[in-house]
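A structural walkthrough
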Amino acid sequence: MEVRRMPHIQLPENLGINYAVLPGDPARVDRAARWLEESRPLAFNREYKSVSGKFKGVPVLIMSTGMGGPSTAIAVEELHKIGVKAAVRVGSCGALQPGLRPGELVLVTGAVRDEGTTLGYAPLSYPALPDVDLLCACRDSAERLGFPWHMGIARSHDCLYRDENPEIYEQWSKKGVVASDMETASLFVTGSIRGMRTASLLNVVLAWGGQVSQDIGSYAAGQEKLLKGEEREILTALTALVQLDHMMRT
């Protein structure tokens, strides 16, 4: 019998990997894959690029989700169908508090659902939360690896260049929200509803008060401290998934 492949991520339903690391950018998949043993490419369709391998003996999938909530939700849905049990997003964010510096990590404790994708799944009264065990594993891993990290709420949105963004950021900053991204709420809500453990690690690429239209290019250009933050979040995610695997086995 022919093995069925998912229509978008193009991975087979019998892949047999329980854990995934989910960058947004397909180029980040290649940079993450260098930390894996027995790394091999799997598929590249639309925004979904994937490789498999092992980290400290544990099979892991690394797959990009693209940009924004809709493509993230599709990724989670199809990963769930092929048996992935836990996934950690490794993305970028803008800081909404002055104490966060570029290259530092944000471990997201919950997400403001200021986007449209999750409304297709549940009303706004449904919370966007990570899995507690996986979040704690991320915290333990970042601490053990000696990486600078913060914990707090992130706001997920759909409009990077909205004219009113400076005022909107100020409002959420005053409410204690620490970071802004476009995918975490979609990951948390879709994962919770489908029974997948999820967590989100964000690399600060814009300091509080920076201008997105002017400063976002510095990450694309590969500033050293931002790439260092990317490396930190990848290693934290991989280490956390190994810790989760050990917890589930014992």
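Look a little higher up for the structure.
Because the structure is a prediction, the values reported are computed rather than measured.

Definitions and limits used
Residues numbered from 1 in each chain as written. Predicted model: local features only at pLDDT ≥ 70, side-chain atom pairs only at ≥ 80, totals over all residues. Heavy atoms only, no water. Buried < 20%, exposed > 50% of the residue type's maximum accessible area, 1.4 Å probe, protein only. Helix = DSSP H or I, 4+ residues; strand = E, 2+ residues; numbered from the N terminus. Arc of directions from axis to C-beta. Polar contact = N/O pair within 3.5 Å; in protein donor to acceptor, adjacent residues only side chain to side chain. Pairing = 2+ DSSP bridges. Right-handed = clockwise from strand over helix to strand, strands pointing away. Phe/Tyr/Trp six-rings, centres within 6.5 Å; stacked < 30°, edge-to-face > 60°. Lys NZ or Arg CZ within 6 Å of the ring centre and 35° of its normal. Core = buried A, V, L, I, M, F, W, Y, C linked by side-chain atoms within 4.5 Å. Contact = heavy atoms within 4.5 Å.

1. Regarding helix α1 (residues 26-33)
Among the residues of α1, Arg28, Val29, Ala32 and Ala33 are the ones counted as buried. Buried residues along α1 cover an arc of 140° about the axis, so they all sit on one side. Its side-chain oxygen at 3.0 Å from the backbone nitrogen of Ala27, Asp25 defines the N-terminal cap of α1.

2. Here we look at the pairing of strand β7 (residues 149-157)
Note: strand β6 (residues 105-114) against β7, nine bridges, orientation parallel. Bridge pairing in β7 links Leu107 to Met151. The pairing of β7 with strand β8 (residues 179-181) spans three bridges and is parallel. Note that in β8 the partner of Ser156 across the bridge is Asp181. The parallel pair β7 and β8 is bridged by helix α4 (residues 165-174), and the resulting crossover is right-handed.

3. Quick look at the pairing of strand β1 (residues 19-23)
Counted residue by residue, β1 has five buried out of five residues, so it is predominantly covered. With burial as the criterion, each face of β1 is covered, one bearing Tyr19, Val21 and Pro23 and the other bearing Ala20 and Leu22. Bridging between β1 and strand β5 (residues 86-95) involves five bridges; their strand directions are parallel. Bridge assignment links Ala20 to a residue of β5, and that residue is Ala87. Sheet topology note: the β1/strand β4 (residues 58-63) ladder contains two bridges and is parallel.

4. Let's talk about the packing of aromatic side chains
What the rule picks out here adds up to zero aromatic pairs. Taking the ring centre of Trp172 as reference, the NZ or CZ of Lys175 above it sits at 5.8 Å.

5. Section: the nonpolar core
Counting residues in hydrophobic clusters, the biggest one holds 34 residues, and the most contacted among them are Ile9, Leu11, Leu61, Met63, Leu79, Ile82 and Val106. Looking at this core, the elements that each hand over two or more residues are β1, β4, α2 (69-81), β5, β6, α5 (184-194) and β9 (197-206). For this core, the element with the most residues is α5, which contributes four residues. Apart from the residues within four sequence positions on either side, Val106 is in contact with Cys93, Leu100, His150, Val178, Ala179, Ser200, Leu201, Leu202 and Val204. Judged by nonpolar contacts, the second largest core, of 31 residues, contains Ala32, Val51, Val60 and Leu235.

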